Structure formats: C-alpha cells, structure tokens
Amino acid sequence: MPKIPSYSTATKTLTSKEKVGQFFMPAAFINDTEEEICVLENLIKKHNIGGLCFFHSRASAATNFEGKKKIIYNTNSLNTLKYLINRYQKASKHPLLISIDAEWGLAMRIENTAQYPYAICLGAIEDNLDLIEQVGKNIALDCRAAGIHWNLAPVVDINNNPNNPVIGYRSYGEDKEEVTKKAIAFIKGTQEAGVLTSIKHFPGHGDTNKDSHLTLPLIEKSKTILWENELYPFKKAIESGVDSVMIGHLSVPNLANGSKISSSISKDIIKGVLRKKMGFKGVVISDALNMHAVSKNYPIKGELEGLAFDAGNDILCFAENTKEGIETILKNADTTAIEESFKRIWQLKEKALNPPKIKEVIACKQTTLLTEIAKKSITQIENSNTYFNKNSFTGIGINFNKDTTFFNTIQKTKEFNFYTLNNASISEIKTKITTEKNILLSIEVPKVKPQNKFDIPEDYWNFIAELLQNKKVIVYLFGNPYILNLINFKKANKVIIAYQDFKEFKEVAAYHFLEKLEAKGKLPVSIT
C-alpha cells in the first residue's frame, strides 16, 4: 500500500491548486477503453486529484443510463480493477484514495466477487450483531485485497416508504433503533479490518418515492420529526465514530430555512445541521455530482462543483468538471476553508494509507457466514389455521433460472412433484395441478428494485393470484419483501421470507419447511 507524507509536511509542499485538486474524486470505470483510461490518467497527472471512485461501466445505474445502454459483462473484472488501481496510482504524484460502493460486497460493482446479503436481509436479524459485524469485516478484507481504501457504506437511511425506488433493500429497515444498531455493527467490522466507512445519504433518503439519480426528491417533514427519526441514525453513528458522511441530493426545506435547494449544495444542512448542530468534524463527501437531481440544473462547467464545496463538501464525488471546478473554487473560496478541507482529507488519507499496525482480522468463510445469516433472518409473517397437508402437495417455482435447490433439498426427505416456469408454461402447470389442493409456492425474483413490478410478467402475477385464491398455499419468497404488497399474501396459509436467492438461503428455507429449524427473523419493514 502506498504511503503519503504527514499533513504537516504536505501543507507546506502542495500549492493551493494542488490542495484543491485533492477535493476531487472523479469516477473510474472498470470496463473503460484504453482511450478513456488515458484520459483519466492525464486528468490525474494534470490536476493532482485526490482519489477515484470505481464503478462498473458507463452504462450502469449509477451513471443514469440504467436500461438505456447495454452493460458489458466482464468475467475478469476483479483483475481489471486491480490493474487499473495500480496504473492510476502510478500516474499520481501523491497516492490516490480509492473508493467504491460495496454495500453488499464488491459484487455491487464487480462480477465474480463475493456477494453478501442486502441490508434489508440483515435488518431481519434479531440480536446477533456479530454476524453483521463479520459481513463488514469480510467486505473490508475483499476491498483491501483489491487495493480499495474506502467503502462508501453503510446506508443508514430509514426506509419507511415502500415505494422508494432507490433505497428500499439497501436499508436495514424502518425502525430507527434497528437501523442504527446494525449500521454501527457494520462500521465496526469494516474499521477493524482497516477500511474507511461513510454513512449515507444525509439527511435521510428513506421517505421518498423519487430516485435522486434522476430527479430531486422533496421531503416536507417537520424539523421535529426529522430530528427524531431521519437524523437519528446519523447522530448515533457519528457519536460512535465514523470516517465520513455522504450528503444526498434531497430537498428538505425544514432543515434549510425553507429553501428547496438540494441538501448537497445547502450550507444550512451541511454547515448548519451536520457540522454545527451534530458536531461532525470528519470528512464530508457529496453523493455523485453527475446525478440528475443536481447536475441537470447547473450546465455551466465548474458551477456545481463550486457550489458543492462552498456548501461544505470536502470531497466532490463523481465530479465531471474537474478543471473548471478547481478554477471556480480557487477563484471564489476562502483560503481558510480550502485549508480546513485539505487538512480533513489529507488526515483521512493518512489514516487509510499510513495506518497503524492492524491486528490480524480473519475472514469468515463466505458459505458459512451466509448459512448463519439465512438461519437468523428467515421470517414467517403469516400463519393461518387452515390445514396444509405436507404429505400431499405439489411444488411450483416462479423463477427465472434453472436453480431448483429449494425443491431438490426437500425432495431428499419427501416425495412430491414440482414444476417451474423456467421449464413449463403456466397453462401446462395448471393442467397438472387441476386436482391438487396443496401448493408449495417458491417465488424467486429477477430484480430487487421495485420498478416495473420487479420485472415479473403480468401473467405470472395473475397466476400467483389464482393459486392463492383457489388453493391452500405456503409461500417461500426469495427476494425483496415489498413484493408481498403486490399480492394478496393474507390468503396464503403461511408466508416465509428468505430474502436472498443464494443457495444457502434456499437450503435453509427447505429445512424450515421440513420443520428442522424455526423462523427467527423479524420483518424489518411493514407490508400491507
């Protein structure tokens, strides 16, 4: 890992322009062309930027093109990432601070890497915070092995809006105490493994039905409610010790003296609420400045970057106008403000790049950890008194791949037939189950985000509704629990949520059906 000089040395040797360059953290893309890589190398060399934030490709959701451009699948992404980090570090005069969004592991951005459960799954765990802490450790160790210093996680937004298109499954749930406890456990594990953290998206992105990648969400709650709820996890996490806070692109007038300006460029929210009232002294990083919530409103190059810095952001993530942004800040900013931000950033880099000797932290075997999380999170939310004959039933899989682990595991103990929509049509299945009274229904979902009804075809929804209306049904859901808002789940005999479609979760769900273990999880969000 590269080393950097101390702040006391750096502040005397870097020019004002070089110091301002440290505020900029442009995007780096794993699947860039050689030409695009060279452009970023030149940007690093010319403007002395402080760090990079890695994304998968220029067609990813984070670049506002989800569904509009074909995403390249690169089986060698991890090696490409390591190669690019090394190459960009060599291009930089001072070591770069390398960041990534790895909320559920490097798999959030990189193919063929370890994936851990979404926050909503971890939110179902009662007690057993050691499991969440271990998830933080494992992810951090994966980051370190790749050359990444800073995991821009965890999300501490309280997701109390079921129609939230961008947070949802990324949140630990709707209860402020549970969100806080679990976020702090994740932070603890990450820090123990020597990786930086960032809580997001201040002042709270949970109660909105808008995606800030595309537009500016408006939150009109009272100041009292915001302090009691949305701001609570941020306050407690700051008190426990966090490296940075990420500012979301949110319009929250009652925290901004009535202004509907985005929180990411609001002095009232960053300097007033976060710095003054909450006493946060660490690094403040903006959410990606390319996001349309703000970027489309400031077409003049450098204007948005200047406003974001003036509002109180130290690091400008995904800044698209580095040259003009540096010029704007140098022209308009107070030298004291520049030095204060530079000091915070440089000391953060010292922590990441010149760390004290870290005690050895051992990664837990991924499969073992996933199995334990599956056992502690599996949640039963409905249990009617209607009899279901477990000795005479048919399995039906609403799935989009060929994996039948759930049914295969049960078949090792019980004899039954099962059909999946992967290998049979709805009409064929209906014919086969004409006389069957009991249905074991497995629902696996192609997408975790709620847009377009989770990408489940309408005829599938109609088939699920028909089964619930006419049969005795036990439902096992492997996916986002908010899916249940789209079906009449109270018609089912039982509904069990297993949250993830991993093999380990399917096996645990099968053991639950076979009554070999109890459902110990607690639903972290409300289902209506």
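Predicted, not measured: the structure shown is a model, and the values here were computed from it.

What counts as what
Residues numbered from 1 in each chain as written. Predicted model: local features only at pLDDT ≥ 70, side-chain atom pairs only at ≥ 80, totals over all residues. Heavy atoms only, no water. Helix = DSSP H or I, 4+ residues; strand = E, 2+ residues; numbered from the N terminus. Rg over C-alpha atoms; globule rule 2.2 N^0.38 Å. Buried < 20%, exposed > 50% of the residue type's maximum accessible area, 1.4 Å probe, protein only. Contact = heavy atoms within 4.5 Å. Lys, Arg positive; Asp, Glu negative; His and termini not counted. Charge placed at Lys NZ, Arg CZ, Asp CG, Glu CD. Expected span 1.5 Å × (residues − 1). Polar contact = N/O pair within 3.5 Å; in protein donor to acceptor, adjacent residues only side chain to side chain. Salt bridge = Lys/Arg side-chain N within 4 Å of Asp/Glu carboxyl O. Disulfide = S-S within 2.5 Å.

A. Representation of the overall build of the chain. A tally of regular secondary structure across the chain gives 20 helices and 15 strands. The C-alpha radius of gyration computed for the chain amounts to 24 Å, which stays within 12% of the reference 24 Å derived for 528 residues, consistent with globular compactness. The dimensions of the chain, computed from C-alpha atoms along their principal axes, are 80 × 50 × 40 Å. Residues counted as buried form 59% of the 528 residues belonging to the chain. A separation of at least 24 residues holds for 78% of the contacts in the chain among residues at least 6 apart in sequence. Distance from the positive charge centre (68 side chains) to the negative charge centre (58 side chains) of the chain: 2 Å.

B. Focus on helix α14 (residues 335-353). Its 19 residues place the ends of α14 26 Å apart at the C-alpha level, agreeing with the 27 Å of an ideal helix rising 1.5 Å per residue. Taken together, the buried positions of α14 are occupied by I338, S341, F342, I345, W346, L348, K349, E350, A352 and L353. One side-chain oxygen of the residue at the start of α14 lies 2.7 Å from the amide nitrogen of T336, identifying that residue as D334.

C. Inspection of helix α9 (residues 232-240) at higher detail. Along α9, the residues classified as buried are Y232, P233, F234, A237 and I238. Summarising the contacts, the buried residues of α9 are in contact with α7 (176-192), β6 (199-202), α8 (223-228), β7 (244-247) and α10 (267-277). Looking one or two residues beyond α9, the residue adopting positive phi is G241, at roughly 110 degrees.

D. Main features of the pattern of salt bridges. In the structure shown here, the tally under the stated rule is 33 salt bridges. Measuring nitrogen to oxygen at the nearest pair gives 3.9 Å for the salt bridge that ties K376 to E372. Here the residue K376 and the residue E372 both occupy positions in helix α15 (residues 366-377), the gap between them amounting to four residues, near one helical turn. K390 is paired through a salt bridge with E515; the nearest N and O atoms lie 3.3 Å apart. With K390 in the loop between β10 (379-383) and β11 (394-398) and E515 in the segment after α20 (503-513), this pair connects stretches of sequence that are 125 residues apart.

E. Representation of the side chain of E111 in the model. By secondary structure assignment, the location of E111 is in the loop between β4 (97-100) and α5 (119-122). Although E111 is buried, it makes no salt bridge; R109 carries the closest opposite charge, 11 Å away. In terms of polar contacts, E111 uses its side chain to reach the backbone amide nitrogen of N74, at 3.0 Å.

F. Here's a closer look at the state of the cysteines. On inspection of all chains with the given rule, the structure shows zero disulfides. For the unlinked cysteine C121, the closest cysteine sulfur is that of C364, found at 15 Å. Between C143, a free cysteine, and C53, which holds the nearest cysteine sulfur, the sulfur-to-sulfur gap is 11 Å.

G. Focus on the environment of P253. Looking at the element boundaries, P253 is found in the loop between β7 and α10. A C-alpha to C-alpha distance of 8.9 Å links P253 and S222, two positions 31 residues apart in sequence. Residues in contact with P253, not counting those within four places in the same chain, are L218, I219, G258, S259 and K260.

H. Seen up close, the side chain of E133. Within the fold, E133 resides in helix α6 (residues 129-146). For E133, the residues in contact, after removing those within four places along its chain, are A185, K188, G189 and E192.

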